[in-house]
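For reference, the chains in residue letters:
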Amino acid sequence: MSDASGQIDHVLTEDRSFPPPAEFTERAVFSSQSQYEEVYARARDDRDGFWAEEAKQHLHWFEPFTKVFDGQTSKVRWFVDGKTNASYNCLDAQIDAGRGDKNAIVWEGEPGDTRTLTYRELRSEVCKCAAALTEIGITAGDVVSIYMPMTPELPIAMLACARIGAIHSVVFAGFSSESIADRNNDAGAKLVITADGLYRRGKVLPLKETVDEALEKSPTVKNCLVLRRTGNDNVPMTEGRDLWWHDTVDHQSDDFPAVPLDSEAPLFILYTSGSTGKPKGILHTTAGYNLWAKRTFQWVFDHREDDVYWCTADCGWITGHSYVVYGPMAAGATCLMYEGAPNHPAEDRFWDLVEKYKVTILYTAPTAVRAFIKWGDEHVDKHDLSSLRLLGSVGEGINPEAWMWYHKKIGGERCPIVDTWWQTETGGIMMSPLPGITATKPGSCTRPLPGVIPSIVDETGKDVDPNHGGMLCIAEPWPGMLRGIWGDEQRFVEQYWSMIPGKYLTGDNARMDSDGYYWIMGRIDDVINVSGHRLSTIEVESALVSHEAVCEAAVVGREDALKGQAIAAFVTIRGREPNEELRKELKMHVRKQIGALAQPDDIRFAATLPKTRSGKIMRRLLRDVASGREVAGDTSTLEDLSVLAKLNDDEA
Ligand code: PRX
């Protein structure tokens, strides 16, 4: 079942261990193993008591909750009857705590322009935006799609929605107009917030035109709010529908009180790929999510008042939601935000930023680390990285080679590395080293955080023994857990709660070693992880077969030194020659259908696809072919053995 392919061998043989430096431990939030064991045991044995205390202490309540937890498995409510507001927790509560003049966002644009916003200034901007949304007619419960570059206005728009109880649905600015339209329609979005364009490697990419195309197919969207970022000429504006941000937001009052919202009021929807073709809108609600994002941020990043924290994720992904916006801001952190590419104007841009802003905590993805290795050490050597004290990794397993380079070259062998395992669905980090106490092993996300009860099971739902692989489940509810799939209760229950009754099914395979450390070993389904981004193979297949020349398509992941997994597509065609031109055309077609991140790396033309006698495509076999491996395992169920020989020819 596992698709971890080559990575399993890697992790099984990894036994190096790196204890945290003593000077780190001395000042750490978690500074002894016994402290962790104690907190972990309390959260497990007195769940409601533990979270009641946490919630009272770490969130602002307009009205207190009357019950900590209600429900079971898929249907849960946390902090019942309580009223809070995530924007209040991230802004007003910080000002009340004396952080009004502290920098909340330190921003640098790709061209080198800069901007800083203190918590007080950020609150003013969020208030103006909230007032503008209200004027446009957005009220609590309405869905707002956000398709923007990584400018301060992106978190401002998110927090403005949160302030009035509107539900944001951020769509990563690399997605196609088709993908935006699908998300608008699924969510019933009333407004889209976008920009005239974004900077990418020195070029201006238009955004508004892409949104316009999407809006032709988005009947629920009434308005479009447009930020002027790049100043490119001739941005099309439709009278009566489109509004410039500077005309609509800037003149508003900078005081707009946060609306007290129910603990379970939807905070956002974020679309992610599942095992079927249609992305699912993962729903997170207000109090539990905000608390989880805040506390996991404080625990895992060992946050101190004077830290300069940089999470390099885009707000279009869950990492940006939880660890650019809701976690760090609810903890009053100073967050660096960078708009552009890591190799513009040169491959040392990240290290230039770390040196310039004296970044102390860096949270990035293994795919980025592998790119830095490829670009060469000289780009790192040019810069003073001595401000760094902690490094983080997220999105996919970090291979030991990349881990060691990150540790030595970026961390100067003094910074602990937190390899954080979690998902869009979990809301925040679930398993990670605690940097002051956990001896790290390259490639392992180590131990669960307080409140997380992992369970690794076999197909019958029975827990497997240590050192055995199985399906990773979470056995008990936690405050940050997803509350549903937008508009699809049935899929929610089927996907996560049916296969292993009573437990949340993560979709990942994992193994726990004799030290109680967890090792993630790839997915149990047809989800692939390309540069830390989740994609469903079926989604890419659907895009391919929507091209007139494609009869059938099968998509698999193959190992890739840079991206982790690359997308390999096998297609059978009609009416066209199997040549380079068609290959390019099909790649562009997928790009147009989904977005650049889904563009296949390889397209192979096949006469037929290998199927079992019952007609199922044999992906395992295609994975071997795509990776250039000898086809291993049982091929006895293959309907026509000659298909196999032809697959390697790569011409129909
Ligand atoms: O397979 C796991 C992998 O990414 C999936 C979640 O993807 P997404 O919802 O897009 O969220 C990414 C950011 C949290 C997981 O099911 N994954 C994420 N982090 C790790 C990981 N695999 C191994 N180690 C990790 N640290």
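What counts and what doesn't
- Residues numbered from 1 in each chain as written.
- Predicted model: local features only at pLDDT ≥ 70, side-chain atom pairs only at ≥ 80, totals over all residues.
- Heavy atoms only, no water.
- Axes fitted to C-alpha atoms, helices over the stretch in contact; angles between N-to-C directions.
- Helix = DSSP H or I, 4+ residues; strand = E, 2+ residues; numbered from the N terminus.
- Parallel < 35°, antiparallel > 145°, perpendicular 65-115°, else oblique.
- Left-handed = near helix turned anticlockwise from the far one by under 90°.
- Contact = heavy atoms within 4.5 Å.
- Nonpolar A, V, L, I, M, F, W, Y, C, P; charged D, E, K, R; others polar.
- Near = heavy atom within 4 Å.
- Polar contact = N/O pair within 3.5 Å; in protein donor to acceptor, adjacent residues only side chain to side chain.
- Areas by Shrake-Rupley, 256 points an atom, 1.4 Å probe, with all protein chains shown as cover.
- Core = buried A, V, L, I, M, F, W, Y, C linked by side-chain atoms within 4.5 Å.
- Buried < 20%, exposed > 50% of the residue type's maximum accessible area, 1.4 Å probe, protein only.
- Domains from an automatic or database assignment.
- Pairing = 2+ DSSP bridges.
- Buried area = accessible area lost by both parts, 1.4 Å probe.

- Naming follows an unreviewed UniProt entry, where the chain appears as Acetyl-coenzyme A synthetase of Rubripirellula lacrimiformis.

**Thoughts on the packing of helix H6 (residues 92-99) against helix H7 (residues 119-136)**
Step number 1: Close contact between H6 and H7 brings their axes to 9 Å; oriented N to C, the two are set at 155°. Relative to H7, the element H6 is oriented roughly antiparallel. In terms of crossing hand, the pair formed by H6 and H7 is left-handed. Contacts from Asp-92, Gln-94, Ile-95 and Arg-99 in H6 reach Tyr-119, Arg-120 and Arg-123 in H7.
Step number 2: A per-class count over the contact of H6 with H7 returns two nonpolar, one polar and four charged.

**Here we look at the site of the ligand**
Step number 1: Neighbouring the ligand are 17 residues, the closest being Asp-419, Thr-420, Thr-424, Asp-508 and Arg-534.
Step number 2: At 3.0 Å, a side-chain N or O of Gln-423 approaches an oxygen atom of the ligand.
Step number 3: Separating an oxygen atom of the ligand from a side-chain N or O atom of Thr-424 is a distance of 2.6 Å.
Step number 4: Calculation on the ligand without its partners gives an accessible area of 530 Å², and the protein chains cover 93% of this total.
Step number 5: Sorting the residues of the shell around the ligand by element identifies helix H13 (318-330), strand E20 (417-420) and strand E25 (518-523) as the ones contributing at least two each.

**Things to note about the nonpolar core**
Step number 1: In this structure, Phe-79, Leu-122, Ile-193, Trp-245, Phe-301, Tyr-326 and Leu-544 are the most contacted members of the largest nonpolar core, which totals 164 residues.
Step number 2: When residues are assigned to domains, this core turns out to be shared by domain 1 (22-453) and domain 2 (542-647), each giving three or more.
Step number 3: Setting aside residues no more than four positions away along its own chain, Leu-122 makes contact with Leu-91, Ala-104, Ile-105, Leu-117, Ile-156, Leu-159 and Met-329.
Step number 4: The next biggest cluster of nonpolar side chains, apart from the first, holds 29 residues, and it includes Leu-336, Tyr-357, Phe-372 and Leu-385.

**Here's the deal with the side chain of Thr-151**
Step number 1: Mapping Thr-151 onto the fold places it in the loop between strand E6 (143-147) and helix H8 (153-164).
Step number 2: The exposure class assigned to Thr-151 is buried, which follows from its relative accessible area of 1%.
Step number 3: Those residues in contact with Thr-151 that lie beyond four places of it in its chain are Trp-107, Leu-227, Arg-229, Met-337 and Glu-339.

**Concerning the sheet that holds E25**
Whenever strands of a sheet pair, they do so through backbone hydrogen bonds, lying parallel or antiparallel.
Step number 1: Within the open sheet, the four strands sit side by side as E21-E22-E24-E25. Their pairing is antiparallel. Strands with a single pairing partner mark the edges of an open sheet, and in this sheet they are strand E21 (454-457) and E25. Along the sheet, successive strands turn relative to each other by an average axial angle of 45°, direction set aside.
Step number 2: Here four bridges tie E21 to strand E22 (residues 469-474), and the two strands are oriented antiparallel to one another. Paired with Pro-454 across the two strands is Ile-474, which belongs to E22.

**Remarks on the domain arrangement of the chain**
Step number 1: Split by domain assignment, the chain resolves into domain 1 (22-453) and domain 2 (542-647).
Step number 2: Once you take the C-alpha centre of each, domain 1 and domain 2 turn out to be 35 Å apart.
Step number 3: On the domain 2 side, the residues contacting the 15 residues of domain 1 number 12 residues.
Step number 4: Where domain 1 abuts domain 2, roughly 840 Å² becomes buried across the two surfaces, and 49% of that area is made up of carbon and sulfur atoms.
Step number 5: Together, Ser-176, Glu-178 and Arg-370 form the three largest contributors to the area buried by domain 1 at its contact with domain 2, with a combined 39%.

**Quick look at the packing of helix H19 (residues 537-545) against helix H20 (residues 580-593)**
Step number 1: Taken N-terminus to C-terminus, the directions of H19 and H20 make an angle of 115°; their axes are 9 Å apart at the nearest point. Handedness of the crossing formed by H19 with H20: right-handed. Of H20, the residues touching H19 (which contributes Val-540, Ala-543 and Leu-544) are Leu-586, His-589, Val-590 and Gln-593.
Step number 2: Residues that form the contact of H19 with H20 fall into these classes: five nonpolar, two polar and no charged.

**Quick notes on the pairing of strand E2 (residues 75-80)**
Step number 1: Looking at chain direction, strand E1 (residues 67-72) and E2 are connected through five bridges and run antiparallel. Within E2, the residue paired with Gln-72 across the bridge is Lys-75.
Step number 2: Between E1 and E2, which pair antiparallel one after the other, the connecting turn spans two residues, and Thr-73 there sits at a positive phi close to 35°.

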